Amino acid sequence: METQEKSPAKQIVRAPAQALAVRSAALVTRGLRDLARDSNWLIKKVFTGRSPQLVISPAGELCALSPMVRQGTERIALYDIERGVPTLALVVPGEPDVCPPGLPAAFAWSPTARNLVAAWGGWLPELHAFDLHGKVFLGGFGDFKSFPSCVTWSDTGNYFAAASRGGAEARLRLWPASNQSPGAMPFDADPVAEFGAAGWAENWVEAQTLDADASDGGAFSGFGRTAFSPDESTLASVVEIEGEWADDSIVLLDVPTLRRQQVIPAQGHITDIAWTPDSRQLIYCSGGQAYRVPAAQSSEPPAEPQVLPFGAELCACHPQLPLCLCFSSWLKNSAKGRLFLVDLNRLVVFDEYAAEGVVNLRWSLDGSKAYAVTADGLAYIYDPPLL
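Some thoughts on the overall build of the protein chain
Here is step 1: Scanning the protein chain from terminus to terminus reveals 2 helices and 28 strands.
Here is step 2: Within the protein chain, the proportion of its 387 residues that are buried is 49%.
Here is step 3: Pairs at least 24 residues apart make up 46% of the contacts formed inside the protein chain by residues separated by at least 6 positions.
Here is step 4: Counting only carbon and sulfur atoms, one obtains 52% of the accessible surface of the protein chain, whose full area is about 19300 Å².

See the structure below:
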(Lines give C-alpha, C1' and ligand atoms only; values in the text may rest on other atoms or scores of the structure.)
Protein backbone atom coordinates (compact mmCIF):
# COMPACT_ATOMS: atom_id res chain seq x y z
CA MET A 1 0.00 0.00 0.00
CA GLU A 2 1.41 3.33 -1.12
CA THR A 3 1.91 6.04 1.36
CA GLN A 4 2.19 9.81 0.86
CA GLU A 5 3.89 12.24 3.08
CA LYS A 6 1.34 14.69 4.39
CA SER A 7 2.26 18.33 4.73
CA PRO A 8 1.69 19.87 8.09
CA ALA A 9 -1.56 21.83 8.16
CA LYS A 10 0.19 25.08 8.98
CA GLN A 11 3.14 24.72 6.66
CA ILE A 12 4.19 27.97 4.94
CA VAL A 13 4.40 27.59 1.15
CA ARG A 14 6.60 29.94 -0.82
CA ALA A 15 4.72 31.78 -3.59
CA PRO A 16 5.89 34.20 -6.28
CA ALA A 17 5.95 37.73 -4.83
CA GLN A 18 6.52 39.85 -7.93
CA ALA A 19 2.89 40.88 -8.57
CA LEU A 20 2.33 41.62 -4.89
CA ALA A 21 5.54 43.65 -4.73
CA VAL A 22 4.58 45.70 -7.79
CA ARG A 23 1.09 46.36 -6.43
CA SER A 24 2.42 47.20 -2.98
CA ALA A 25 4.96 49.62 -4.44
CA ALA A 26 2.22 51.43 -6.36
CA LEU A 27 0.04 51.66 -3.26
CA VAL A 28 2.93 52.95 -1.15
CA THR A 29 3.81 55.56 -3.77
CA ARG A 30 0.18 56.68 -3.97
CA GLY A 31 -0.14 56.73 -0.17
CA LEU A 32 2.96 58.86 0.29
CA ARG A 33 1.72 61.32 -2.31
CA ASP A 34 -1.76 61.52 -0.75
CA LEU A 35 -0.25 62.20 2.68
CA ALA A 36 1.56 65.21 1.25
CA ARG A 37 -1.59 66.98 0.03
CA ASP A 38 -4.95 67.97 1.43
CA SER A 39 -6.91 68.14 -1.84
CA ASN A 40 -8.03 65.76 -4.57
CA TRP A 41 -6.84 68.32 -7.15
CA LEU A 42 -3.28 68.43 -8.48
CA ILE A 43 -2.00 71.45 -10.42
CA LYS A 44 0.54 71.14 -13.24
CA LYS A 45 2.00 73.65 -15.68
CA VAL A 46 1.88 71.97 -19.10
CA PHE A 47 3.14 74.76 -21.34
CA THR A 48 3.98 78.47 -21.24
CA GLY A 49 2.29 81.03 -23.44
CA ARG A 50 -1.30 80.82 -24.63
CA SER A 51 -3.13 78.21 -26.74
CA PRO A 52 -6.95 78.34 -26.65
CA GLN A 53 -7.31 75.47 -29.17
CA LEU A 54 -6.55 72.23 -27.32
CA VAL A 55 -8.08 68.82 -26.59
CA ILE A 56 -7.29 66.33 -23.79
CA SER A 57 -6.91 62.61 -24.46
CA PRO A 58 -8.36 59.79 -22.27
CA ALA A 59 -4.76 58.90 -21.34
CA GLY A 60 -3.82 62.32 -19.95
CA GLU A 61 -2.17 63.72 -23.06
CA LEU A 62 -2.82 67.06 -24.70
CA CYS A 63 -2.96 68.13 -28.35
CA ALA A 64 -2.69 71.87 -28.83
CA LEU A 65 -1.56 74.59 -31.15
CA SER A 66 1.91 75.16 -29.78
CA PRO A 67 2.26 78.52 -28.02
CA MET A 68 5.94 78.48 -29.07
CA VAL A 69 5.88 80.52 -32.28
CA ARG A 70 9.27 80.34 -33.99
CA GLN A 71 10.18 82.43 -37.00
CA GLY A 72 6.54 83.46 -37.32
CA THR A 73 5.36 79.85 -37.56
CA GLU A 74 2.89 77.96 -35.36
CA ARG A 75 2.83 74.17 -35.05
CA ILE A 76 0.66 71.43 -33.52
CA ALA A 77 2.27 69.71 -30.53
CA LEU A 78 1.48 66.94 -28.04
CA TYR A 79 2.15 67.19 -24.30
CA ASP A 80 2.14 64.84 -21.33
CA ILE A 81 -0.12 66.59 -18.82
CA GLU A 82 1.14 64.97 -15.62
CA ARG A 83 4.82 65.37 -16.52
CA GLY A 84 4.27 68.81 -18.06
CA VAL A 85 6.54 68.18 -21.05
CA PRO A 86 6.09 68.24 -24.85
CA THR A 87 6.30 64.78 -26.40
CA LEU A 88 5.76 65.13 -30.16
CA ALA A 89 5.19 67.67 -32.95
CA LEU A 90 2.72 66.69 -35.67
CA VAL A 91 3.94 67.14 -39.24
CA VAL A 92 2.36 66.14 -42.56
CA PRO A 93 3.99 65.86 -46.00
CA GLY A 94 4.02 69.13 -47.90
CA GLU A 95 3.47 71.24 -44.81
CA PRO A 96 4.52 74.86 -45.51
CA ASP A 97 7.63 76.21 -43.82
CA VAL A 98 5.80 79.28 -42.54
CA CYS A 99 2.33 79.11 -40.95
CA PRO A 100 1.13 82.33 -39.33
CA PRO A 101 -0.41 82.17 -35.83
CA GLY A 102 -4.15 82.13 -35.32
CA LEU A 103 -5.17 79.55 -37.93
CA PRO A 104 -8.20 77.38 -37.00
CA ALA A 105 -7.65 73.89 -35.60
CA ALA A 106 -9.75 70.89 -34.50
CA PHE A 107 -8.61 67.65 -32.81
CA ALA A 108 -10.16 64.32 -31.78
CA TRP A 109 -8.49 61.46 -29.85
CA SER A 110 -9.41 57.82 -30.30
CA PRO A 111 -10.73 56.11 -27.13
CA THR A 112 -7.37 54.45 -26.44
CA ALA A 113 -5.40 57.61 -27.34
CA ARG A 114 -3.40 55.64 -29.89
CA ASN A 115 -4.79 57.57 -32.88
CA LEU A 116 -5.55 61.23 -33.43
CA VAL A 117 -7.53 63.02 -36.14
CA ALA A 118 -6.63 66.66 -36.68
CA ALA A 119 -7.50 69.53 -39.01
CA TRP A 120 -5.49 72.75 -39.17
CA GLY A 121 -5.53 75.84 -41.34
CA GLY A 122 -1.87 75.28 -42.18
CA TRP A 123 -2.60 71.92 -43.87
CA LEU A 124 -4.70 70.87 -46.85
CA PRO A 125 -8.47 71.21 -46.22
CA GLU A 126 -9.02 67.62 -45.12
CA LEU A 127 -8.93 65.54 -41.96
CA HIS A 128 -5.53 64.06 -41.06
CA ALA A 129 -5.08 60.77 -39.18
CA PHE A 130 -2.03 59.92 -37.04
CA ASP A 131 -0.82 56.77 -35.29
CA LEU A 132 0.83 58.23 -32.20
CA HIS A 133 2.29 54.95 -30.92
CA GLY A 134 4.05 54.41 -34.23
CA LYS A 135 4.64 58.18 -34.60
CA VAL A 136 3.47 58.11 -38.21
CA PHE A 137 1.07 60.10 -40.37
CA LEU A 138 -1.54 57.66 -41.72
CA GLY A 139 -3.08 59.88 -44.39
CA GLY A 140 -5.90 62.29 -45.13
CA PHE A 141 -9.64 61.77 -45.62
CA GLY A 142 -12.86 63.79 -45.63
CA ASP A 143 -11.87 66.93 -47.56
CA PHE A 144 -14.02 69.94 -46.66
CA LYS A 145 -15.01 73.46 -47.72
CA SER A 146 -16.09 74.74 -44.31
CA PHE A 147 -13.52 74.17 -41.55
CA PRO A 148 -14.76 71.67 -38.90
CA SER A 149 -16.28 73.24 -35.81
CA CYS A 150 -16.09 69.92 -33.93
CA VAL A 151 -14.62 66.46 -34.58
CA THR A 152 -15.32 63.52 -32.29
CA TRP A 153 -14.79 59.76 -31.90
CA SER A 154 -17.33 57.34 -30.43
CA ASP A 155 -16.47 55.66 -27.12
CA THR A 156 -15.45 52.33 -28.66
CA GLY A 157 -13.84 53.83 -31.75
CA ASN A 158 -16.36 52.36 -34.20
CA TYR A 159 -17.49 55.75 -35.54
CA PHE A 160 -16.12 59.22 -36.22
CA ALA A 161 -18.06 62.43 -36.90
CA ALA A 162 -17.18 65.91 -38.12
CA ALA A 163 -19.43 68.96 -37.79
CA SER A 164 -19.09 72.30 -39.53
CA ARG A 165 -20.72 75.70 -39.72
CA GLY A 166 -21.31 77.74 -42.89
CA GLY A 167 -25.06 78.30 -43.07
CA ALA A 168 -26.48 76.47 -46.08
CA GLU A 169 -23.08 74.72 -46.52
CA ALA A 170 -23.02 73.35 -42.95
CA ARG A 171 -22.62 69.59 -42.63
CA LEU A 172 -22.61 66.73 -40.15
CA ARG A 173 -20.64 63.78 -41.60
CA LEU A 174 -20.13 60.28 -40.24
CA TRP A 175 -17.53 57.58 -40.92
CA PRO A 176 -17.45 54.00 -39.61
CA ALA A 177 -14.01 52.67 -38.71
CA SER A 178 -13.12 50.54 -41.74
CA ASN A 179 -9.88 49.24 -40.22
CA GLN A 180 -8.93 49.28 -36.53
CA SER A 181 -5.66 47.39 -36.90
CA PRO A 182 -2.66 49.14 -35.32
CA GLY A 183 -0.89 51.38 -37.82
CA ALA A 184 -3.69 51.21 -40.40
CA MET A 185 -5.69 54.10 -41.83
CA PRO A 186 -8.98 53.80 -39.90
CA PHE A 187 -11.37 55.61 -42.28
CA ASP A 188 -12.33 55.70 -45.95
CA ALA A 189 -12.06 58.94 -47.89
CA ASP A 190 -15.81 59.60 -48.01
CA PRO A 191 -18.38 59.49 -45.21
CA VAL A 192 -21.20 56.94 -45.22
CA ALA A 193 -23.81 59.52 -44.19
CA GLU A 194 -24.30 63.29 -44.17
CA PHE A 195 -26.82 65.60 -42.53
CA GLY A 196 -27.00 69.20 -43.74
CA ALA A 197 -28.96 72.40 -43.53
CA ALA A 198 -31.75 71.04 -45.72
CA GLY A 199 -32.17 68.01 -43.47
CA TRP A 200 -32.41 70.28 -40.45
CA ALA A 201 -35.00 72.60 -41.98
CA GLU A 202 -37.15 70.08 -43.86
CA ASN A 203 -40.77 70.18 -42.71
CA TRP A 204 -39.82 72.26 -39.67
CA VAL A 205 -40.50 75.87 -38.79
CA GLU A 206 -36.71 76.20 -38.52
CA ALA A 207 -36.72 76.42 -42.34
CA GLN A 208 -37.29 80.14 -42.09
CA THR A 209 -34.03 80.56 -40.16
CA LEU A 210 -31.89 79.49 -43.14
CA ASP A 211 -32.24 82.89 -44.78
CA ALA A 212 -33.62 84.93 -41.89
CA ASP A 213 -32.12 88.20 -40.82
CA ALA A 214 -30.26 87.64 -37.55
CA SER A 215 -31.88 90.77 -36.11
CA ASP A 216 -35.29 89.18 -36.67
CA GLY A 217 -34.66 86.24 -34.36
CA GLY A 218 -31.62 84.50 -35.77
CA ALA A 219 -30.34 82.60 -38.79
CA PHE A 220 -29.11 79.02 -39.06
CA SER A 221 -25.32 79.06 -38.65
CA GLY A 222 -24.41 75.38 -38.62
CA PHE A 223 -23.46 72.60 -36.23
CA GLY A 224 -21.33 72.99 -33.10
CA ARG A 225 -20.47 70.65 -30.22
CA THR A 226 -21.18 67.03 -31.18
CA ALA A 227 -21.12 63.79 -29.16
CA PHE A 228 -21.93 60.10 -29.65
CA SER A 229 -24.03 58.32 -27.04
CA PRO A 230 -21.99 55.67 -25.16
CA ASP A 231 -24.02 52.88 -26.79
CA GLU A 232 -23.22 54.42 -30.23
CA SER A 233 -26.88 54.45 -31.29
CA THR A 234 -27.31 58.23 -31.39
CA LEU A 235 -25.32 61.29 -32.41
CA ALA A 236 -26.19 64.58 -30.68
CA SER A 237 -25.14 67.87 -32.24
CA VAL A 238 -25.77 71.50 -31.37
CA VAL A 239 -27.69 73.42 -34.04
CA GLU A 240 -26.31 76.96 -33.79
CA ILE A 241 -28.51 79.96 -34.57
CA GLU A 242 -26.90 83.35 -35.13
CA GLY A 243 -28.32 86.39 -33.41
CA GLU A 244 -27.97 88.09 -30.06
CA TRP A 245 -31.33 86.83 -28.79
CA ALA A 246 -31.37 83.57 -30.75
CA ASP A 247 -31.72 80.14 -29.13
CA ASP A 248 -29.77 77.05 -30.16
CA SER A 249 -31.17 73.51 -30.33
CA ILE A 250 -29.81 69.96 -30.09
CA VAL A 251 -30.58 67.54 -32.90
CA LEU A 252 -30.48 63.78 -32.20
CA LEU A 253 -29.61 61.55 -35.16
CA ASP A 254 -29.57 57.78 -35.68
CA VAL A 255 -26.16 56.11 -36.10
CA PRO A 256 -25.04 55.29 -38.75
CA THR A 257 -27.82 56.61 -41.03
CA LEU A 258 -27.98 60.14 -39.52
CA ARG A 259 -31.75 59.99 -39.76
CA ARG A 260 -33.22 62.66 -37.52
CA GLN A 261 -34.84 61.37 -34.33
CA GLN A 262 -35.86 64.55 -32.54
CA VAL A 263 -34.92 68.16 -31.82
CA ILE A 264 -34.44 69.48 -28.29
CA PRO A 265 -34.99 73.25 -28.00
CA ALA A 266 -32.73 75.24 -25.69
CA GLN A 267 -32.47 78.76 -24.30
CA GLY A 268 -29.44 80.78 -25.35
CA HIS A 269 -26.26 79.51 -26.98
CA ILE A 270 -25.11 75.99 -26.08
CA THR A 271 -21.44 75.71 -25.12
CA ASP A 272 -21.16 71.98 -24.30
CA ILE A 273 -23.04 68.67 -24.29
CA ALA A 274 -22.35 65.29 -22.63
CA TRP A 275 -24.15 61.94 -22.44
CA THR A 276 -24.74 60.10 -19.19
CA PRO A 277 -23.10 56.62 -19.21
CA ASP A 278 -26.44 54.83 -19.69
CA SER A 279 -27.10 56.81 -22.93
CA ARG A 280 -30.50 57.85 -21.61
CA GLN A 281 -29.88 61.50 -20.79
CA LEU A 282 -28.02 64.53 -22.09
CA ILE A 283 -26.37 67.13 -19.91
CA TYR A 284 -25.86 70.44 -21.68
CA CYS A 285 -24.68 73.94 -20.85
CA SER A 286 -26.50 76.92 -22.33
CA GLY A 287 -26.10 80.58 -21.44
CA GLY A 288 -24.00 79.66 -18.41
CA GLN A 289 -26.70 77.36 -16.98
CA ALA A 290 -26.67 73.54 -16.84
CA TYR A 291 -29.63 71.43 -17.99
CA ARG A 292 -30.61 67.77 -18.17
CA VAL A 293 -33.00 66.22 -20.70
CA PRO A 294 -34.00 62.59 -21.43
CA ALA A 295 -33.21 61.33 -24.92
CA ALA A 296 -36.71 60.18 -25.94
CA GLN A 297 -37.43 57.80 -28.80
CA SER A 298 -38.28 59.31 -32.18
CA SER A 299 -41.94 58.33 -31.72
CA GLU A 300 -42.15 60.27 -28.46
CA PRO A 301 -42.45 64.05 -28.09
CA PRO A 302 -39.28 65.82 -26.89
CA ALA A 303 -39.06 65.99 -23.10
CA GLU A 304 -38.86 69.32 -21.32
CA PRO A 305 -35.27 70.14 -20.26
CA GLN A 306 -34.72 70.22 -16.50
CA VAL A 307 -32.88 73.24 -15.11
CA LEU A 308 -30.12 71.93 -12.83
CA PRO A 309 -29.28 73.75 -9.58
CA PHE A 310 -25.88 74.99 -10.78
CA GLY A 311 -24.33 76.95 -13.62
CA ALA A 312 -21.70 75.62 -16.01
CA GLU A 313 -20.18 76.25 -19.43
CA LEU A 314 -18.34 72.92 -19.79
CA CYS A 315 -19.37 69.42 -18.69
CA ALA A 316 -18.05 65.85 -18.91
CA CYS A 317 -19.92 62.79 -17.59
CA HIS A 318 -18.06 59.95 -15.87
CA PRO A 319 -17.79 56.85 -18.12
CA GLN A 320 -19.42 54.50 -15.55
CA LEU A 321 -20.82 56.46 -12.59
CA PRO A 322 -23.60 59.08 -12.29
CA LEU A 323 -21.05 61.87 -11.85
CA CYS A 324 -20.37 64.95 -13.94
CA LEU A 325 -17.30 67.19 -13.97
CA CYS A 326 -18.19 70.82 -14.71
CA PHE A 327 -16.57 74.21 -15.11
CA SER A 328 -18.20 77.57 -14.50
CA SER A 329 -16.34 80.77 -15.30
CA TRP A 330 -18.02 82.78 -12.55
CA LEU A 331 -19.81 82.42 -9.23
CA LYS A 332 -22.24 84.61 -7.38
CA ASN A 333 -20.47 87.39 -5.50
CA SER A 334 -17.17 86.43 -7.14
CA ALA A 335 -15.37 87.15 -10.39
CA LYS A 336 -13.62 83.78 -10.19
CA GLY A 337 -14.72 80.46 -11.61
CA ARG A 338 -14.60 76.91 -10.31
CA LEU A 339 -14.24 73.27 -11.27
CA PHE A 340 -16.63 70.97 -9.44
CA LEU A 341 -18.22 67.53 -9.45
CA VAL A 342 -21.94 66.79 -9.37
CA ASP A 343 -23.75 63.69 -8.15
CA LEU A 344 -26.39 63.40 -10.88
CA ASN A 345 -28.67 61.22 -8.74
CA ARG A 346 -28.88 63.62 -5.80
CA LEU A 347 -27.92 66.78 -7.76
CA VAL A 348 -25.36 67.63 -5.08
CA VAL A 349 -22.23 69.63 -5.90
CA PHE A 350 -19.01 68.47 -4.22
CA ASP A 351 -15.23 68.67 -4.48
CA GLU A 352 -15.01 72.23 -5.79
CA TYR A 353 -11.76 73.90 -6.81
CA ALA A 354 -11.16 77.51 -7.88
CA ALA A 355 -10.16 77.76 -11.54
CA GLU A 356 -10.19 80.28 -14.39
CA GLY A 357 -9.86 80.06 -18.15
CA VAL A 358 -10.56 76.31 -18.57
CA VAL A 359 -11.18 75.46 -22.25
CA ASN A 360 -11.33 71.64 -22.20
CA LEU A 361 -12.01 68.87 -19.68
CA ARG A 362 -12.52 65.11 -19.72
CA TRP A 363 -12.34 61.90 -17.70
CA SER A 364 -9.67 59.26 -18.15
CA LEU A 365 -10.68 56.11 -20.03
CA ASP A 366 -11.21 54.11 -16.80
CA GLY A 367 -12.77 57.03 -14.93
CA SER A 368 -10.15 56.98 -12.16
CA LYS A 369 -9.21 60.63 -12.69
CA ALA A 370 -10.19 63.70 -14.69
CA TYR A 371 -8.33 66.51 -16.41
CA ALA A 372 -9.04 70.18 -17.13
CA VAL A 373 -6.66 72.51 -18.98
CA THR A 374 -6.68 76.29 -19.38
CA ALA A 375 -5.68 78.32 -22.43
CA ASP A 376 -2.60 79.42 -20.46
CA GLY A 377 -1.37 75.84 -20.10
CA LEU A 378 -2.40 75.20 -16.49
CA ALA A 379 -3.75 71.69 -15.88
CA TYR A 380 -6.07 70.64 -13.04
CA ILE A 381 -6.00 66.90 -12.35
CA TYR A 382 -8.81 65.41 -10.25
CA ASP A 383 -7.19 62.39 -8.62
CA PRO A 384 -9.24 61.10 -5.66
CA PRO A 385 -8.00 58.24 -3.45
CA LEU A 386 -10.68 55.88 -4.76
CA LEU A 387 -13.44 56.42 -7.29
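Considering the packing of aromatic side chains
Here is step 1: Under the criterion given, the structure shown has 21 aromatic pairs.
Here is step 2: When the ring of Phe160 is compared with that of Trp175, the centres are 6.1 Å apart and the planes differ by 55 degrees; the resulting orientation is tilted. A residue pair is termed long-range when its members are at least 10 positions apart, and Phe160 in strand β11 (residues 159-164) and Trp175 in strand β12 (residues 171-176) qualify at 15 residues. Summarising the burial analysis for this pair, Phe160 and Trp175 share the class buried.

Looking at the sheet that holds strand β6 (residues 105-109)
Here is step 1: Across the sheet, which stays open at both edges, the 4 strands sit in the order β6-β7-β8-β9 with antiparallel pairing between neighbours. Unpaired on one side and paired on the other, β6 and β9 (136-141) mark the two borders of the sheet. Recorded for the sheet is a direction-independent mean angle of 20 degrees between the axes of neighbouring strands.
Here is step 2: Where strand β7 (residues 115-120) meets strand β8 (residues 127-131), 4 bridges bridge the pair, whose relative direction is antiparallel. From the neighbouring strand, Asn115 faces β8, where its bridge partner is Asp131.

Details of the pairing of strand β10 (residues 148-153)
Here is step 1: Burial analysis of β10 places 5 of its 6 residues in the buried class, the great majority of the element.
Here is step 2: Summarising the sheet, β10 and β11 pair through 5 bridges and their orientation is antiparallel. Bridge pairing links Pro148 to Ser164 in β11.
Here is step 3: If you look at the hairpin formed by β10 and β11, you'll find 5 residues sitting between the two strands, and Gly157 has a positive phi there, around 80 degrees.

Considering the sheet that holds strand β28 (residues 378-382)
Here is step 1: Taken in spatial order, the 4 strands make up an open sheet running β1-β28-β27-β26, and their pairing is antiparallel. In this open sheet, the two strands that pair with only one neighbour each are β1 (41-45) and β26 (358-363). On average, each strand axis in the sheet is tilted by 20 degrees relative to the strand beside it, whichever way the strands run.
Here is step 2: Examined bridge by bridge, β1 and β28 share 5 bridges and lie antiparallel to one another. Residue Trp41 lies in a different strand from β28, and its bridge partner there is Tyr382.

Observations concerning the side chain of Asn40
Here is step 1: Among the secondary structure elements, Asn40 is positioned in the loop between α1 (18-35) and β1.
Here is step 2: Side-chain polar atoms of Asn40 contact the side chain of Asp351, separated by 2.8 Å.
Here is step 3: Once you skip the residues sitting within four places of it in the chain, Asn40 turns out to touch Asp351, Ile381, Tyr382, Asp383, Pro384 and Pro385.

Remarks on the environment of Ala316
Here is step 1: Along the chain, Ala316 falls in strand β22 (residues 314-317).
Here is step 2: A residue is classified by how much of its surface remains accessible, and Ala316, at 10% relative accessible area, is buried.
Here is step 3: Expressed as a C-alpha distance, the spacing of Ala316 and Leu361, which sit 45 residues apart in the sequence, is 6.8 Å.

Regarding the environment of Asp278
Here is step 1: In this structure, Asp278 sits in the loop between β18 (270-275) and β19 (281-286).
Here is step 2: On the basis of relative accessible area, Asp278 is assigned to the partly exposed category, the value being 46%.
Here is step 3: For the pair Asp278 and Leu321, spaced 43 residues apart in the sequence, the C-alpha separation amounts to 9.2 Å.
Here is step 4: A distance of 2.7 Å separates the side chain of Asp278 from the side chain of Thr276, its partner in a polar contact.
Here is step 5: Polar side-chain contacts of Asp278 include one of 3.0 Å to the backbone nitrogen of Arg280.

So, the side chain of Ser279
Here is step 1: Relative to the elements of secondary structure, Ser279 occurs in the loop between β18 and β19.
Here is step 2: Residue Ser279 is classed as buried on the basis of its relative accessible area of 11%.
Here is step 3: Within polar-contact distance, the side chain of Ser279 engages the backbone nitrogen of Asp231 at 3.0 Å.
Here is step 4: Residues contacting Ser279, with those up to four places away along its chain left out, are Ser229, Pro230, Asp231 and Ala295.

Observations regarding the pattern of salt bridges
Here is step 1: Enumeration according to the criterion identifies 11 salt bridges in this entry.
Here is step 2: One salt bridge in this structure joins Asp131 and Arg114, with 3.1 Å as the shortest N-O distance. Of this pair, Asp131 sits in strand β8 while Arg114 sits in the loop between β6 and β7, and the two are 17 residues apart along the sequence.
Here is step 3: A relative accessible area of 3% means that Asp131 is categorised as buried.
Here is step 4: Of the charged contacts, one joins Glu194 and Arg171 as a salt bridge, the two residues approaching to 3.5 Å between their closest N and O atoms. One end of the pair, Glu194, is in strand β13 (residues 193-196); the other, Arg171, is in strand β12, with 23 residues separating them in the sequence.

A short note on the state of the cysteines
Here is step 1: Considering all chains together, one arrives at 0 disulfides under this definition.
Here is step 2: No disulfide involves Cys285; its sulfur sits 3.8 Å from that of Cys315, the nearest cysteine.

Focus on unusual backbone geometry
Here is step 1: Look at the link from Val255 to Pro256: it is a cis peptide, with omega at 10 degrees.
Here is step 2: Among the structural elements, Pro256 can be located in the loop between β16 (249-254) and β17 (260-265).
Here is step 3: Backbone geometry at Lys135 places phi at a positive 55 degrees, although glycine is not the residue there.
Here is step 4: You can see Lys135 is positioned in the loop between β8 and β9.
Here is step 5: The exposed category is assigned to Lys135, whose relative accessible area is 60%.
Here is step 6: In this structure, Leu258 is a non-glycine residue whose phi angle is positive, near 60 degrees.
Here is step 7: With respect to the element layout, Leu258 can be found in the loop between β16 and β17.

Cut-offs and rules
- Residues numbered from 1 in each chain as written.
- Predicted model: local features only at pLDDT ≥ 70, side-chain atom pairs only at ≥ 80, totals over all residues.
- Heavy atoms only, no water.
- Helix = DSSP H or I, 4+ residues; strand = E, 2+ residues; numbered from the N terminus.
- Buried < 20%, exposed > 50% of the residue type's maximum accessible area, 1.4 Å probe, protein only.
- Contact = heavy atoms within 4.5 Å.
- Areas by Shrake-Rupley, 256 points an atom, 1.4 Å probe, with all protein chains shown as cover.
- Phe/Tyr/Trp six-rings, centres within 6.5 Å; stacked < 30°, edge-to-face > 60°.
- Pairing = 2+ DSSP bridges.
- Axes fitted to C-alpha atoms, helices over the stretch in contact; angles between N-to-C directions.
- Polar contact = N/O pair within 3.5 Å; in protein donor to acceptor, adjacent residues only side chain to side chain.
- Salt bridge = Lys/Arg side-chain N within 4 Å of Asp/Glu carboxyl O.
- Disulfide = S-S within 2.5 Å.

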